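An overview of the molecular structure
Chain by chain, the residues run as shown.
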Protein chains: 2
Amino acid sequence: MPAVETVTGATASWDLYERGCPSRDLLDRIGDKWSILVLGELGEHGRSRFTELRNRVSGVSEKMLTQTLRALESDGLVLRTVHATVPVRVEYELTDLGQTLRAPLRALTEWSLQHTDEVLAARAAYAARAEHGA
Amino acid sequence: MPAVETVTGATASWDLYERGCPSRDLLDRIGDKWSILVLGELGEHGRSRFTELRNRVSGVSEKMLTQTLRALESDGLVLRTVHATVPVRVEYELTDLGQTLRAPLRALTEWSLQHTDEVLAARAAYAARAEHGA
DNA sequence: TGGCCAACTTACCAAGAGGTGGCTACTTAC
DNA sequence: GTAAGTAGCCACCTCTTGGTAAGTTGGCCA
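This section reports on the structure supplied with the text. Residue numbering note: each chain is counted from 1, following its sequence as written. As they are written, the chains are lettered A onward and the ligands numbered 1 onward, keeping that order. In keeping with the predicted nature of the model, local features appear solely for residues at pLDDT of at least 70, side-chain atom pairs appear and are counted solely at 80 or more, and the whole-chain, interface and lining totals rest on all residues. Side-chain descriptors were evaluated using all non-hydrogen atoms of the structure, hydrogens and water having been removed beforehand.

Take the protein's contact with DNA strand C next. As a matter of local geometry, DNA strand C sits amid 16 residues, with Ser61 and Lys63 of chain A together with Thr51, Arg80 and Tyr92 of chain B nearest to it. A single heavy atom is enough: if one lies within 4 Å of a molecule or strand, its residue is considered near that molecule or strand. Counting only the atoms of DNA strand C within 4 Å of the protein, the fraction contributed by sugar and phosphate is 67%. Distance and chemistry together define a polar contact, namely a pair of N or O atoms within 3.5 Å, with one atom able to donate a hydrogen and the other to accept it when in protein, and with adjacent residues in sequence counting only for side-chain atoms on both sides. Between DNA strand C and the protein, one listed contact pairs a phosphate oxygen with a side-chain N or O atom of Thr51 of chain B at 2.8 Å. For DNA strand C, a phosphate oxygen lies 2.4 Å from a polar atom in the side chain of Tyr92 of chain B. Of all the secondary structure elements, the ones that give two or more residues to the surface near DNA strand C are α4 (62-74) of chain A together with α3 (50-56), α4 (62-74) and β5 (89-94) of chain B. Residues are grouped as follows: nonpolar covers Ala, Val, Leu, Ile, Met, Phe, Trp, Tyr, Cys and Pro; charged covers Asp, Glu, Lys and Arg; every other residue, Gly included, is treated as polar. Of the residues that constitute the surface near DNA strand C, the class distribution is 7 nonpolar, 3 polar and 6 charged. Runs of H or I in DSSP of at least four residues are treated as helices and runs of E of at least two as strands, each being numbered from the N terminus.

On the surface, a cluster of negative charge is contributed by Asp25, Asp28 and Asp32 of chain A together with Asp25, Asp28 and Asp32 of chain B. Broken down by secondary-structure element, the contributors of at least two residues to the negative patch are α1 (22-30) of chain A together with α1 (22-30) of chain B. Looking at the secondary structure, you find Asp28 of chain A in helix α1. Surface patches are defined over residues having more than 30% relative accessible area and no salt bridge, joining like charges when they lie within 9 Å and nonpolar side chains (Val, Leu, Ile, Met, Phe, Trp, Tyr) when within 5 Å. Note on areas: these come from Shrake-Rupley sampling with a 1.4 Å probe, and a residue is covered only by the protein chains present in the view. For this document, the term salt bridge refers to a Lys or Arg side-chain nitrogen within 4 Å of an Asp or Glu carboxyl oxygen. Here Asp and Glu are counted as negative and Lys and Arg as positive; His is not counted, and neither are the chain ends. Charge positions come from single atoms, namely NZ of Lys, CZ of Arg, CG of Asp or CD of Glu.

Moving on, we come to the side chain of Ser58 of chain A. Assignment of secondary structure puts Ser58 of chain A in the loop between α3 (50-56) and α4. A residue is classified by how much of its surface remains accessible, and Ser58 of chain A, at 12% relative accessible area, is buried. Within the structure, the side chain of Ser58 of chain A is placed 3.1 Å from the backbone nitrogen of Arg19 of chain B, a separation counted as a polar contact. Contacts are residue-level and defined by heavy atoms, with any inter-residue pair within 4.5 Å sufficient. Apart from residues no more than four positions distant in its own chain, Ser58 of chain A is found in contact with Trp34 of chain A together with Tyr17, Glu18, Arg19 and Arg24 of chain B. The buried label goes to any residue with under 20% of its type's maximum accessible area, the exposed label to any with over 50%, and the partly exposed label to all in between, with areas taken from a 1.4 Å probe on protein chains only.

Next up, the structure:
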């Protein structure tokens, strides 16, 4: 089974294809719909406030945004700073660890933007084939 | 920005941060837990049979595997070939479009494998902080 | 005749995702 | 006095996700 060495800094070898692998869980978390968008936003715009994120990530509910930000914070990807000013101001930004995720995530989002046409066409063709067969 | 040439020749510009954007849906589909693993497997091992995939992607149920493969097929990422041999043999492989996803996906899975330690440590620290605060 | 294989498909059910709306505390502005 | 704004939390409720398990198809072998 996956040999894991923690705090000591020894190497851990994990297998994504094994159930219960923590890397698999992590992958699932960062592959989450809202996580990708929030991380992308923070990557592009830098430090942002809660309402800015809510407005820029269209369609996210406050609950989901809070939940997503909390998870990212607990994973060490996002830093949350509370300013004790008079209307309370909270700012979010990527941590160093979060920064390292920018490139992989951007690769994925760019792929998505660039190949949406092809995928849409493929779906239409697939649907047509299915209808023809039925 | 995302200016894409469609079949008709018209340019479509999509914004991931807009609700209902097809690219966002697509991102969600390929960011799916099982999709990532299945695509990864097909990328590494090449053409594979149903049961091979089921065995190699530990923990996936037949239902989910079928569902995932169907979605990937309809999206034009995976090619499904049925051999009318005696016990029916079905093989799956990446299409050309699917191949273009390998690099972005590998970037993500490698990130995940490489940073699991740090994330686990961050979670522990966060939990400790929360406990201390409570 | 009966059972077996692959690759599903379907029915059923529990858990969780995620939306809505109300509540908070604090202060400034009307 | 009251409304508004910030950054949430909480309870409630619904809809989806996804797991389990059983059925199916269709030649073939004993």
